[in-house]
Amino acid sequence: MKIGIVCYPTFGGSGVVATELGKALAANGHQVHFITYSQPARLDFFSANLFYHEVSISKYPLFDFPPYELALASKLVDVVRFEKLDLLHVHYAIPHASAAYMAKQILQTYGIHIPVVTTLHGTDITLVGKDPSYNPVVTFSINQSDGVTAVSKDLKEDTLKHFDITKDIRVIPNFIDLSRFSLNPRQHFKQAIAPGDERILIHTSNFRRVKRTCDVIRVFQKVKEKIQCKLLMVGDGPDRVNAEQLCRDLDVCNDVRFLGKQEAIEEILSVTDLFLMPSESESFGLAALEAMACGVPVISSNAGGLPELNIDGVTGFLDAVGDIDRMAAHAIEILENNERLATFKAAALTRAKEFDLGLILPVYEHYYQEVIDRI
Ligand code: GMT
């Protein structure tokens, strides 16, 4: 198949899923065309089957807000026509699904009928999409997609609850490339972070409010009262400054390292003992799956799709959003005993294998074929 993929080309979960999916499809013999405003962060190698088309947006003094959606729709028309694509797969509803709809209408005037699959990732529904200023467009463009997928059952239910959706939504969970994300410990790195062989806790995110990064610091402070440990904070975003200030207020700076954005996250995860994800809302929790694939158990909130990934009492624990005491108590329970920690680590890895890319890729391929056959 010749597949066009539209996504946000950043380190955000939806962009990562889209890029990893495209790379895997290309490796499986499909021709994949990424259509985005910059090279996707994880599209970091050359392959004969991978193509990248940049959407460039001209800046005119007339525009306070350059019309990205129009530039994207025009680019989609161009790429579908000249590369003869079979299907467009857009990740994140806003504004990708509506740009794809516009492109599809224009392409019909050339006698081209291109099927569009939209994948809902979370914040396009749970935060931004519900905003009344976007709701009608989001509803319309989801309903006009030829196929719609959501990354968890919870996200599907949330979408059906808040939008007037007439299309069937197929749940296709996120996946992990176990050839990349696997236990790959770098002893010198562990030595540098935890010279006294302390336990290492980790949080990775874009430090947006929804991630509750300050809860991570608070949980860590309580764990530290009972267990010798260090905390790694990976990523960057608006709440980092608050998290750093809280470290000063709670006097834990010496045990917390803010590492910023990191490429080889699997190497860092491999030396850690526990992943913290206290998010307010999380449609799936890809970052937690990446940790589990490296054998790291997860203390998470029970928000959104997290219970579909993290098994309470087995791969970690699920606690109510904001319940710092329970999260800390559960973290201590896992970390205080070597044997228990090893059991949780093994269970996290076993669970991650259920989301192996090799299992989920054919599900997408069959779904694409089903959508193509339907129109
Ligand atoms: O979580 C973020 O801030 C990034 C966001 C995105 O849209 O890129 O992630 C969402 O999509 C990921 C991939 O499907 C999911 O694993 C995340 O759970 C989801 N984030 C939220 O629902 C908050």
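Keep in mind that what you see is a predicted model, and the values were worked out from it rather than measured.

**Some details on the overall build of the protein**
Of regular secondary structure, the protein possesses 14 helices and 13 strands. Relative to its length of 375 residues, the protein is compact, with a C-alpha radius of gyration of 21 Å against a globular reference of 21 Å. Here the C-alpha coordinates of the protein stretch approximately 70 × 45 × 35 Å along the principal axes. Across the 375 residues that make up the protein, the buried fraction comes to 48%.

**Overview of the sheet that holds strand β12 (residues 298-301)**
Here six strands make up an open sheet; going across it, the order is β10-β9-β8-β11-β12-β13 and the pairing parallel. Sheet topology places β10 (256-260) and β13 (316-319) at the edges, where each strand pairs with a single neighbour. In this sheet, neighbouring strand axes are inclined to one another by 20 degrees on average, regardless of whether the strands run parallel or antiparallel. As defined by bridge partners, strand β8 (residues 199-204) adjoins strand β9 (residues 229-234) across six bridges and the pair is classed as parallel. Each residue of the ladder has a partner; that of T204, found in β9, is V234.

**A short note on helix α2 (residues 68-83)**
With 16 residues, α2 extends 22 Å between its outermost C-alpha atoms, agreeing within 8% with the 22 Å of an ideal straight helix rising 1.5 Å per residue. Buried within α2 are the following residues: L72, A73, K75, L76, V77, V79 and V80. Tucked inside the fold, the buried residues of α2 contact β1 (2-6), β2 (31-36), β3 (50-54), β4 (87-91) and α3 (93-108). Downstream of α2 by one or two residues, K84 has phi in the positive range, about 55 degrees.

**Some details on the pairing of β10**
When β9 meets β10, the two strands line up parallel, connected through four bridges. Paired with M233 across the two strands is F258, which belongs to β10. Read as a crossover between parallel neighbours, the route from β9 over helix α9 (residues 240-249) to β10 is right-handed.

**Quick look at the nonpolar core**
The biggest cluster of nonpolar side chains holds 102 residues, and the ones touching the most others in it are L76, L88 and A100. Two domains each donate at least three residues to this core, and these are domain 1 (2-174 + 357-374) and domain 2 (187-353). Ignoring anything within four residues of it in the chain, the contact list for A100 reads V6, L76, L88, V90 and V116.

**Topic: α9**
Where α9 is concerned, the buried positions are A243, L246 and C247. Buried residues of α9, viewed axially, fall in a sector of 105 degrees; they line one side. Exposed positions of α9 whose direction lies more than 90 degrees from the buried face are V241, Q245, R248 and D249. Packed against the buried residues of α9 are α8 (213-226), β9 and β10. The first or second residue beyond α9 is D251, which carries a positive phi of 60 degrees.

**Considering the domain arrangement of the protein**
Along its sequence, the protein is carved into domain 1 (2-174 + 357-374) and domain 2 (187-353). Taking only C-alpha atoms into account, the centre of domain 1 sits 31 Å from that of domain 2. The partner domain 2 presents 11 residues to the 16 residues of domain 1 that form the contact. When contributions to the side of domain 1 that touches domain 2 are tallied by element, the ones reaching two or more residues are α1 (13-27) and α6 (153-162). Tallied by class, residues from the side of domain 1 that touches domain 2 come to seven nonpolar, seven polar and two charged.

**Here's the deal with the packing of α3 against helix α5 (residues 135-144)**
Interaxial distance between α3 and α5 falls to 9 Å at its minimum, and their mutual angle equals 55 degrees. On the basis of their axis angle, the class for α3 and α5 is oblique. In this structure, α3 crosses over α5, and the sense of that crossing is left-handed. Residues A93, I94, A97, S98 and Y101 of α3 form the contact with α5, whose own contacting residues are V137, V138, S141, I142 and Q144. Residue composition of the contact of α3 with α5, by class: seven nonpolar, three polar and no charged.

The rules behind each value
- Residues numbered from 1 in each chain as written.
- Predicted model: local features only at pLDDT ≥ 70, side-chain atom pairs only at ≥ 80, totals over all residues.
- Helix = DSSP H or I, 4+ residues; strand = E, 2+ residues; numbered from the N terminus.
- Rg over C-alpha atoms; globule rule 2.2 N^0.38 Å.
- Buried ≥ 20, exposed ≤ 12 C-beta atoms within 10 Å, placed from the backbone.
- Pairing = 2+ DSSP bridges.
- Axes fitted to C-alpha atoms, helices over the stretch in contact; angles between N-to-C directions.
- Expected span 1.5 Å × (residues − 1).
- Contact = placed C-beta atoms within 7 Å.
- Right-handed = clockwise from strand over helix to strand, strands pointing away.
- Core = buried A, V, L, I, M, F, W, Y, C linked by C-beta atoms within 7 Å.
- Domains from an automatic or database assignment.
- Arc of directions from axis to C-beta.
- Nonpolar A, V, L, I, M, F, W, Y, C, P; charged D, E, K, R; others polar.
- Parallel < 35°, antiparallel > 145°, perpendicular 65-115°, else oblique.
- Left-handed = near helix turned anticlockwise from the far one by under 90°.

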